Amino acid sequence: MPPACWPQDWLAAGRASRGLVLVVVFVALLLDNMLLTVVVPIIPTFLYTTEYEGANSSVATARTETAPPALKAPPFSSMSSYFDNTTVTLSGSTSTMDLVNRTESSHLPQLPPSNPPTPSSCPQGEEFLAKENVRVGLLFASKALVQLVVNPSVGVLTNRIGFHIPMFIGFIIMFFSTVMFAFSGTYTLLFLARALQGIGSSFSSVAGLGMLASVYTDDVERGNAMGIALGGLALGVLIGAPFGSVMYEFVGKSAPFLVLASLALLDGALQLCILQPSRISPESTHGTPLSTLLRDPYILVAAGALCFSNMGVAMLEPTLPIWMMQTMCSPKLQLGMAFLPASISYLIGTNLFGILANKMGRWLCSLVGMAVVGISLLCVPLAKNIYGLIGPNGGLGFAIGMVDSSMMPLMGYLVDLRHTSIYGNVYAIADVAFCMGFAIGPSTGGAIVRAIGFPWLMIIIGVTNIAYAPLCWYLRNPPAKEEKIAILSQECPMQSKSFTPQKPLHRFPPTDSTHVEAGHVE
């Protein structure tokens, strides 16, 4: 075969490879979550620098410009003071320059109240920081709120045109959102960029996870693949915050976003080569309606576990950096590094329990994970410095990894077990649950911190996770619908009992009995 055909052969083999599809989804989730977390250490300090310090510097400049006339006043007052004999006797031997110096020294004690010197590096403006909790929380939540609205539509769209085109649409929107972040200098533009990211993330997440579920039909293989894909999500969370803090500290605000935009272009080229997004490939059968899936109590329990476990870290993202600035006087570099233990442990948890969860029981992994999430959140306010956050944040990330790597494949298994095996809608629900955590968490977290304080916020969400954990027990052995029992009989121990009444199948001729037996084994 001529060498010119080698790339075409490689692309044809790649398009038939499940591994390369997994790579595409991995990279898409990686970039999405790098952009999700890279803004965490940048936005609070950027808004503080541009709005609070910028406003104060302009006020200080105005005061400096009006200061010289005030210094010229004492000589004039000294002239008029000659009409007062007592004043003349007190300052009779002083020169005009001495009067000016005395006047300056008399006015110096009045300046510190407007800009008091602090022995520590703590930022000033307590009232501004309290308001910034709410504003930053709303900015972070805008992405999840938009994603929450768009997700159901994307789920329906994937059932009609397939997963490839929505995946590529998500890449295009994410690219423009990243570039917009790089060149936005106001709160309004940053808010719009974050909301635009939510639309792109909805297309990428729903289409990517649905594509994996349709490619990996075996439940064990699907669990392993989901664990690897969520490892991309974890790696994005791992790299995002430290990468953003380092680049913002030493290079500038635009640098991390321009790097992410370049990586997004590589992801787009990979999708063009592997997925062929110009091809429409609708599902051969109609999926279960979204309203039917939302009435399934087992799917709702699994979605709730995803929502509340991720809500904890979602509340930490806007509030923890500001709390560290107020109580620990942390520099910009530490604001991103505080999330590093959670990211590393999340990466370990998703990859480890993507394999172990199916063996020990996904319901048990989720139950234990939610309990550990609650305990870790309760321990966060006890930290006195950044080193005290290593343990709670590490436990938090590991536990969320347990929940995510257990519930994501379980959502696909529940559809196989109880509904039609079309995965766009169910992973739209999973992403909606994930987004509800990241929408409710930041938006309410900032308001709660302003009202009753950061420690009480951690107590509320920690106790909520511990209280919800026992509901995961109901996922221990979900019942199958009658028409699905023959398909997944080997997955669930209880189905072997209900499968025995199907002995009338032996009406087939004896020559076909072997095929019937083989069908039962498969």
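- For the protein chain, the name recorded in an unreviewed UniProt entry is VMAT1 protein, with Hemiprocne comata as its organism.
- Its UniProt record gives the protein chain the following Sequence similarities (unreviewed entry) comment, quoted word for word: "Belongs to the major facilitator superfamily. Vesicular transporter family."
- Listed in UniProt under the heading Subcellular location (unreviewed entry), the comment for the protein chain reads: "Cytoplasmic vesicle, Secretory vesicle, Synaptic vesicle membrane".

1. Observations concerning the overall build of the protein chain
Link 1 in the chain: When its secondary structure is counted, the protein chain shows 20 helices and 0 strands.
Link 2 in the chain: Contacts spanning at least 24 positions in sequence make up 85% of the contacts within the protein chain whose residues lie at least 6 apart.
Link 3 in the chain: If you sum the accessible surface of the protein chain, you get close to 23500 Å²; carbon and sulfur atoms cover 69% of it.

2. A few points about the side chain of Ser-245
Link 1 in the chain: Along the polypeptide, Ser-245 turns up in helix 9 (residues 219-250).
Link 2 in the chain: Overall, Ser-245 belongs to the buried group, its relative accessible area being 2%.
Link 3 in the chain: When neighbours within four sequence positions are excluded, Ser-245 is seen to be in contact with Pro-41, Lys-332, Leu-333, Gly-336 and Met-337.

3. Here we look at the pattern of salt bridges
Link 1 in the chain: Inspection of every chain in the model, using the stated rule, returns 2 salt bridges.
Link 2 in the chain: Here Arg-222 and Asp-416 are joined by a salt bridge, their closest N and O atoms 2.8 Å apart. A residue pair is termed long-range when its members are at least 10 positions apart, and Arg-222 in helix 9 and Asp-416 in helix 16 (residues 390-418) qualify at 194 residues.
Link 3 in the chain: You can call Arg-222 buried: its relative accessible area is 0%.
Link 4 in the chain: Looking at Asp-416, the relative accessible area reads 8%, which means it is buried.
Link 5 in the chain: As a salt-bridge pair, Arg-418 and Asp-296 come within 2.8 Å of each other at their nearest N and O atoms. Here Arg-418 is found in helix 16, whereas its partner Asp-296 is found in the loop between helix 11 (290-294) and helix 12 (297-327), with 122 residues between them in sequence.

4. Quick word on a nonpolar patch on the surface
Link 1 in the chain: Residues Ile-375, Leu-378, Ile-452, Trp-456, Ile-459, Ile-460, Val-463 and Ile-466 make up a contiguous nonpolar surface patch of about 680 Å² in total accessible area.
Link 2 in the chain: Ranked by residue count, the leading element in the nonpolar patch is helix 18 (residues 454-468), at 5 residues.
Link 3 in the chain: Mapped onto the elements of the fold, Ile-466 is located in helix 18.
Link 4 in the chain: Given the relative accessible area of 35%, Ile-466 is considered partly exposed.

5. Here's the deal with the nonpolar core
Link 1 in the chain: Counting 111 residues, the largest nonpolar core has Leu-316, Leu-320, Met-324, Met-411 and Tyr-427 as the members making the most contacts within it.
Link 2 in the chain: For this core, the element with the highest residue contribution is helix 12, accounting for 16 residues.
Link 3 in the chain: Setting aside chain neighbours within four positions, we find Leu-320 in contact with Ala-338, Phe-339, Val-380, Leu-389, Asn-393 and Phe-454.
Link 4 in the chain: If you look at the next biggest cluster of nonpolar residues, it comprises 6 residues, including Val-150, Val-154, Ile-173 and Val-206.

6. Side note on the packing of helix 2 (residues 18-38) against helix 8 (residues 187-215)
Axis angle and axis distance: for two packed helices, these are the angle between their axes and the distance between the axes, and together they describe the pair.
Link 1 in the chain: One can describe the packing of helix 2 onto helix 8 by two numbers: an axis separation of 10 Å at closest approach and a directional angle of 155 degrees. Judged by the inter-axis angle, helix 2 sits roughly antiparallel to helix 8. Judged by the twist between their axes, the crossing of helix 2 over helix 8 is left-handed. On helix 8, the residues touching Arg-18, Val-21, Leu-22, Val-25, Leu-29, Asp-32, Leu-35 and Leu-36 of helix 2 are Arg-194, Gln-197, Ser-201, Ser-205, Gly-208, Met-211, Leu-212 and Val-215.
Link 2 in the chain: When grouped by side-chain class, the residues that make up the contact of helix 2 with helix 8 number 9 nonpolar, 4 polar and 3 charged.

7. Details of helix 2
Link 1 in the chain: For helix 2, built from 21 residues, the straight-helix expectation of 30 Å at 1.5 Å per residue is met to within 8% by its first-to-last C-alpha distance of 30 Å.
Link 2 in the chain: Counting buried residues along helix 2, 15 of its 21 residues qualify, which places the element largely inside the surrounding structure.

8. Concerning the environment of Pro-41
Link 1 in the chain: Tracing the chain through its elements places Pro-41 in the loop between helix 2 and helix 3 (42-80).
Link 2 in the chain: Here Pro-41 falls in the buried class, since its relative accessible area comes to 1%.
Link 3 in the chain: For Pro-41, the contacting residues outside a window of four places in its chain are Ala-241, Gly-244, Ser-245, Leu-335 and Gly-336.

9. Quick look at helix 14 (residues 340-360)
Link 1 in the chain: In this model, helix 14 (21 residues) spans 28 Å end to end at C-alpha, consistent with the 30 Å of a helix rising 1.5 Å per residue.
Link 2 in the chain: Approximately 45 degrees is the largest bend angle found in helix 14, and it occurs at Phe-353.
Link 3 in the chain: Those residues of helix 14 lying buried are Pro-341, Ala-342, Ser-343, Ser-345, Tyr-346, Gly-349, Thr-350, Phe-353, Gly-354 and Ala-357.

10. What to know about the packing of aromatic side chains
Link 1 in the chain: Applying the stated criterion to the full structure yields 8 aromatic pairs.
Link 2 in the chain: Ring geometry for Phe-175 versus Phe-176: centroids 5.8 Å apart, planes at 70 degrees, classification edge-to-face.
Link 3 in the chain: A ring pair is formed by Phe-308 and Tyr-468, whose centres lie 5.2 Å apart and whose planes are at 45 degrees; its orientation type is tilted. One end of the pair, Phe-308, is in helix 12; the other, Tyr-468, is in helix 18, with 160 residues separating them in the sequence.
Link 4 in the chain: Its relative accessible area of 13% is what places Tyr-468 among the buried residues.
Link 5 in the chain: Stacked on the ring of Tyr-187, the Lys or Arg Arg-135 has its end atom at 4.3 Å from the ring centre.

11. As for the packing of helix 7 (residues 164-183) against helix 8
Link 1 in the chain: Taken N-terminus to C-terminus, the directions of helix 7 and helix 8 make an angle of 155 degrees; their axes are 8 Å apart at the nearest point. Accordingly, the angle class assigned to the pair helix 7 and helix 8 is roughly antiparallel. Judged by the twist between their axes, the crossing of helix 7 over helix 8 is left-handed.
Link 2 in the chain: Class assignment for the residues of the contact of helix 7 with helix 8 results in 18 nonpolar, 8 polar and 1 charged.

12. What about the side chain of Ser-202?
Link 1 in the chain: In this fold, Ser-202 is placed in helix 8.
Link 2 in the chain: Look at Ser-202 and you get buried, because its relative accessible area is 0%.
Link 3 in the chain: Among the polar contacts made by the side chain of Ser-202, one reaches the side chain of Asn-151 at a distance of 2.4 Å.
Link 4 in the chain: Leave out the neighbours within four places in its chain, and Ser-202 touches Gln-147, Val-150, Asn-151, Val-154 and Asp-431.

Analysis parameters
Residues numbered from 1 in each chain as written. Predicted model: local features only at pLDDT ≥ 70, side-chain atom pairs only at ≥ 80, totals over all residues. Heavy atoms only, no water. UniProt positions renumbered as here; feature names shortened; annotations may be inferred. Helix = DSSP H or I, 4+ residues; strand = E, 2+ residues; numbered from the N terminus. Contact = heavy atoms within 4.5 Å. Areas by Shrake-Rupley, 256 points an atom, 1.4 Å probe, with all protein chains shown as cover. Buried < 20%, exposed > 50% of the residue type's maximum accessible area, 1.4 Å probe, protein only. Salt bridge = Lys/Arg side-chain N within 4 Å of Asp/Glu carboxyl O. Patch = residues over 30% accessible without salt bridge, like charges linked within 9 Å, V, L, I, M, F, W, Y side chains within 5 Å. Core = buried A, V, L, I, M, F, W, Y, C linked by side-chain atoms within 4.5 Å. Axes fitted to C-alpha atoms, helices over the stretch in contact; angles between N-to-C directions. Parallel < 35°, antiparallel > 145°, perpendicular 65-115°, else oblique. Left-handed = near helix turned anticlockwise from the far one by under 90°. Nonpolar A, V, L, I, M, F, W, Y, C, P; charged D, E, K, R; others polar. Expected span 1.5 Å × (residues − 1). Bend = angle between axes of the 7 residues up to and from the residue. Phe/Tyr/Trp six-rings, centres within 6.5 Å; stacked < 30°, edge-to-face > 60°. Lys NZ or Arg CZ within 6 Å of the ring centre and 35° of its normal. Polar contact = N/O pair within 3.5 Å; in protein donor to acceptor, adjacent residues only side chain to side chain.

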